[in-house]
Amino acid sequence: MGIMDFVKGGVREMMIARPDDKKELVVYKHPDQNIPFWSQLTVDSDEVCLFFKDGQYVGGLGPGRHTLQTQNIPFLNNIINKFTGGDVFIAEVFFVTSKALFNQGFGGPIGSMRDPELDIRVNPRAFGTYSYKVSDPVKFVLEFIGQTGTADPDRAMQWVRDQLMMGLKTTLTRLIKGGDMTMMDLGTAGPDVARAIVQDCPDLVKIGVQVLEIAKLNINLSDEDQARIDEFQDQIVQAKLDARKAKIGVSQAEAMAQQKQYELDQEFANRA
């Protein structure tokens, strides 16, 4: 909506707020960059409002109702449109949710991984939910635009989900290489892996996002890969049983040899 539409539309167009049908979005961009002087800006209690001009952050406002004029909000001087006589601001306005967001789904193939104990490659999959919050709204919007090229929240959060999957693979690789787990432990490793991912999400911190918790993490294999794992596991168990039997056999042979030697010694002593 342009400035002439505002003049024709009357006072009702001075109200700037996030629409009700956009409340669920982590970030919402106001559709018009032309903002009349004295506009009434409403920021909900669970969000912040950020102003950008030419890709640069200008200033932000917290929850409440704000009258957009330079006397009470000095940073607005930096976005005044001089060609309109100083009665219009030119800026990109973003509403960013500041509360924690829960039950966000993520998951998919992790990619090819090698188990050093079994010396085989499999392709694990993982599915779960996560909760997060925007810890740095300015950094999030700047990186958000840089990652997506548009103000598309779904595309931005897909990038976050991709980072979680990369962190998941990194964590699994570290645990397996360190000997803390094997592919045979995937079915019960979900909680431990989830905690490890939350403790180290550097790529998400860089874009102003803090992961609070990963829940219901289920790491599994395809039926084919699971069958291969089970086969190798059975072979390992059988090899251990064979080794144990061999050890028992050796022990029994040693015991028999000792008994025979004792008998020979006794017989020699008796003869003597």
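Each chain carries its own residue numbering, running from 1 in the written order of its sequence. Given that the model is predicted, a residue must reach a pLDDT of at least 70 before its local features are reported, and side-chain atom pairs must reach 80 or more before they are shown or counted; all residues, however, enter totals for whole chains, interfaces and linings. The basis for every side-chain value is the complete set of heavy atoms in the structure, and neither hydrogens nor water enter the calculation.

## Examining the overall build of the protein
Then, in step 1: From N to C terminus, the protein includes 6 helices and 14 strands.
Then, in step 2: The cut-offs for exposure are 20% and 50% of the maximum accessible area for each residue type, with area from a 1.4 Å probe on protein chains only; residues under the lower value are buried, those over the upper are exposed, and the others partly exposed. Out of the 272 residues in the protein, the part that is buried amounts to 38%.
Then, in step 3: The contact criterion used throughout is that any non-hydrogen atoms of two residues lie within 4.5 Å. Contacts in the protein between residues far apart in sequence, at least 24 positions, make up 69% of those at least 6 positions apart.
Then, in step 4: For the accessible areas, the method is Shrake-Rupley and the probe is 1.4 Å, while residue cover comes only from the protein chains on display. With an accessible surface of roughly 15,800 Å², the protein has 51% of that area assigned to carbon and sulfur atoms. Under the DSSP-based scheme used, a helix requires at least four consecutive residues in state H or I and a strand at least two consecutive residues in state E, with every element numbered from the N terminus.

## Some thoughts on the pattern of salt bridges
Then, in step 1: One side-chain nitrogen of Lys or Arg within 4 Å of one carboxyl oxygen of Asp or Glu is enough to make a salt bridge. Under the defined criterion, the tally for this structure stands at 6 salt bridges.
Then, in step 2: A salt bridge links Glu47 to Arg18, with the nearest nitrogen and oxygen atoms 2.8 Å apart. Separated by 29 residues along the polypeptide, Glu47 in strand S5 (residues 47–53) and Arg18 in the loop between strand S1 (15–16) and strand S2 (27–29) bring together distant segments of the chain.
Then, in step 3: On the basis of relative accessible area, Glu47 is assigned to the buried category, the value being 2%.
Then, in step 4: We classify Arg18 as buried; its relative accessible area is 4%.
Then, in step 5: In this structure, Asp192 engages Arg195 in a salt bridge whose closest nitrogen and oxygen atoms are separated by 2.4 Å. A residue pair is termed a helical-turn pair when its members lie 3 or 4 positions apart in one helix, as Asp192 and Arg195 do in helix H4 (residues 190–199) at 3 residues.
Then, in step 6: On the basis of relative accessible area, Asp192 is assigned to the partly exposed category, the value being 47%.

## Some details on the sheet that holds strand S7 (residues 64–67)
Adjacent strands of a sheet form backbone hydrogen bonds with each other and so pair up, either parallel or antiparallel.
Then, in step 1: Here 3 strands make up an open sheet; going across it, the order is S1-S4-S7 and the pairing mixed. Sheet topology places S1 and S7 at the edges, where each strand pairs with a single neighbour.
Then, in step 2: Any two strands are treated as partners once DSSP identifies two or more bridges connecting them. Sheet topology places strand S4 (residues 40–43) next to S7; 4 bridges connect them, and they run antiparallel. Its bridge partner being in S7, Thr42 is matched across the sheet by Arg65.

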